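Secondary and tertiary structure notes
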Amino acid sequence: VTTTDPRPIPGTVPRDEAFTRPFWQAAAEGRLTTTRCRPCGRLQFPPRIVCVHCWGRDSVWQELGGTGVLASFTEIHAGPAVFAEELPYTIGLVDLDEGLRVAARIDARFTDLRLADPVAFAARSRNGTPLLTFVPTNRR
Ligand SMILES: [Zn+2]
């Protein structure tokens, strides 16, 4: 499947809309944020207006440490048209220190990565649009 729609897949990465604008503004500055539900105190990712844990509608923005470990990763050889010039590239699931799991681009060669590698959030963008990206933080 190819598409010219540059937006991320729904449910994995926050869309750029009015509610998530603070998320993308922070991401452009290299800061990873999400929402914390005030009634139950739990974090969730992607940021949401309604809490997935208690259905509360009172959330606040919270900055995250931006570090975690690689829970899974794969190499993309047939991707969306918008990323065609970057093929092949690596994507993965990152388990953040706060207990959240984030799908993101991994800025490393697939063959250089191992499960549980430590990674950190990094500010990356394409044509002015932030791209959720993590980079390995040490080498074996
Ligand atoms: Zn809640």
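Here is what the cut-offs are and how they apply
Residues numbered from 1 in each chain as written. Predicted model: local features only at pLDDT ≥ 70, side-chain atom pairs only at ≥ 80, totals over all residues. Heavy atoms only, no water. Phe/Tyr/Trp six-rings, centres within 6.5 Å; stacked < 30°, edge-to-face > 60°. Buried < 20%, exposed > 50% of the residue type's maximum accessible area, 1.4 Å probe, protein only. Helix = DSSP H or I, 4+ residues; strand = E, 2+ residues; numbered from the N terminus. Lys NZ or Arg CZ within 6 Å of the ring centre and 35° of its normal. Contact = heavy atoms within 4.5 Å. Core = buried A, V, L, I, M, F, W, Y, C linked by side-chain atoms within 4.5 Å.

A short note on the packing of aromatic side chains
Tallied over the full model, the rule gives six aromatic pairs. Relative to Trp24, the ring of Phe23 has its centre 5.0 Å away and its plane inclined at 85 degrees; by these criteria the two rings are edge-to-face. The pair Phe23 / Trp24 is uniform in exposure class, with both members buried. Note on Phe121 and Phe134: the rings are 5.6 Å apart at their centroids and 65 degrees apart in plane angle, and the pair reads as edge-to-face. On the criterion of sequence distance, the pair formed by Phe121 in strand 7 (residues 118–122) and Phe134 in strand 10 (residues 133–136) is long-range, its members being 13 residues apart. Assigned by exposure class, Phe121 and Phe134 land together as buried. Ring pairing ties together the aromatic residues Phe23, Trp24 and Phe45, which thus form one cluster. Sitting over the ring of Phe83, Arg105 keeps its end group 4.9 Å from the ring centre. Directly above the ring of Tyr89 sits Arg105, whose terminal nitrogen or CZ lies 3.8 Å from the centroid.

Quick look at the environment of Arg42
In this structure, Arg42 sits in the loop between strand 1 (33–37) and strand 2 (43–44). Taking the relative accessible area as the measure of exposure, Arg42 reaches 46% and is therefore partly exposed. Measuring from C-alpha to C-alpha, the distance between Arg42 and Val52 comes to 9.4 Å, with 10 residues separating the pair along the chain. Not counting residues within four places of it along the chain, the set of residues in contact with Arg42 comprises Thr35, Arg36, Cys37 and His53.

Section: the nonpolar core
Formed by 21 residues in total, the largest nonpolar core has its most connected members in Leu32, Leu96, Leu132 and Phe134. Mapped onto this core, the elements with two or more residues apiece are helix 1 (21–28), strand 4 (67–76), strand 5 (89–96), strand 6 (101–106) and strand 7. Not counting residues up to four positions away in its chain, the partners in contact with Leu96 are Leu32, Leu64, Thr67, Gly68, Val102 and Phe134.

Take it as geometry only, folks, not as evidence of what the structure does.
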